[in-house]
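If you want the building blocks of each chain, they are given just below.
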Amino acid sequence: MDIAGFVVSLAALLISAGALWYSRGQKLAADRSARAAEESATAAAETADIDKARRAEELDNAERNRVVWRLEHTGDMWYRLINCGTESAYGVQIDAGELIVEEAGPFGEIASDGAEPLLLARSWASNADRIVVTWHHQPDLSDEPRYRELLV
């Protein structure tokens, strides 16, 4: 009977060792699965952040491209203020600071690809080299004014 008890004990030991080995493999697989799920969630969050930043940049570019100003020197003290954007600018005003300005508005509307002539001159005591253009996107001027500084 001692041999039969030994065989049964040995069989029980082998079965429990096999069950232990199997359960350890299952735990490792569960750990790998949890890590993969965590990495996937992190990647999804990073992708969402990238998409959000891209959409914000696209909106910012769209807003910026609505009205884009360029100051073109046409000779002597004459310049042209050009709206290179995709929409009209309303209530356009020029702040030339210390520069001497003639024919500088205010302009009711400068359409997309429209231009207005400006006569800008420096006095002897001035070294100013910039003007500030102020405008609105709405024809009734109900929106907040936008500002852009241009180099003369």
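Keep in mind it's a predicted model, so treat the numbers as computed, not measured.

Caption draft 1: Geometry of the nonpolar core. Counting residues in each nonpolar core, the largest one holds 19 residues, and the members touching the most others are W69, L71, L81, V92, L118, I131 and V133. Sorting the residues of this core by element identifies strand 1 (69-75), strand 2 (78-83), strand 3 (89-95), strand 5 (107-110), strand 6 (115-121) and strand 7 (130-136) as the ones contributing at least two each.

Caption draft 2: Seen up close, the pattern of salt bridges. Inspection of the entire model under this criterion finds seven salt bridges. Measuring nitrogen to oxygen at the nearest pair gives 3.3 Å for the salt bridge that ties R80 to E72. Residue E72 is classed as partly exposed on the basis of its relative accessible area, which comes to 28%. The residue R130 makes a salt bridge to E149 at a minimum N-O spacing of 3.7 Å.

Caption draft 3: Here's a closer look at the pairing of strand 2. Bridge count between strand 1 and strand 2: six bridges; the pairing is antiparallel. What sits directly across from E72, in strand 2, is R80. Remark: two residues form the turn of the hairpin made by strand 1 and strand 2, two consecutive strands paired antiparallel; D76 in that turn has positive phi of roughly 50°.

About the criteria used
- Residues numbered from 1 in each chain as written.
- Predicted model: local features only at pLDDT ≥ 70, side-chain atom pairs only at ≥ 80, totals over all residues.
- Heavy atoms only, no water.
- Core = buried A, V, L, I, M, F, W, Y, C linked by side-chain atoms within 4.5 Å.
- Buried < 20%, exposed > 50% of the residue type's maximum accessible area, 1.4 Å probe, protein only.
- Helix = DSSP H or I, 4+ residues; strand = E, 2+ residues; numbered from the N terminus.
- Salt bridge = Lys/Arg side-chain N within 4 Å of Asp/Glu carboxyl O.
- Pairing = 2+ DSSP bridges.

Bear in mind that shape data such as this cannot, by itself, settle questions of function.
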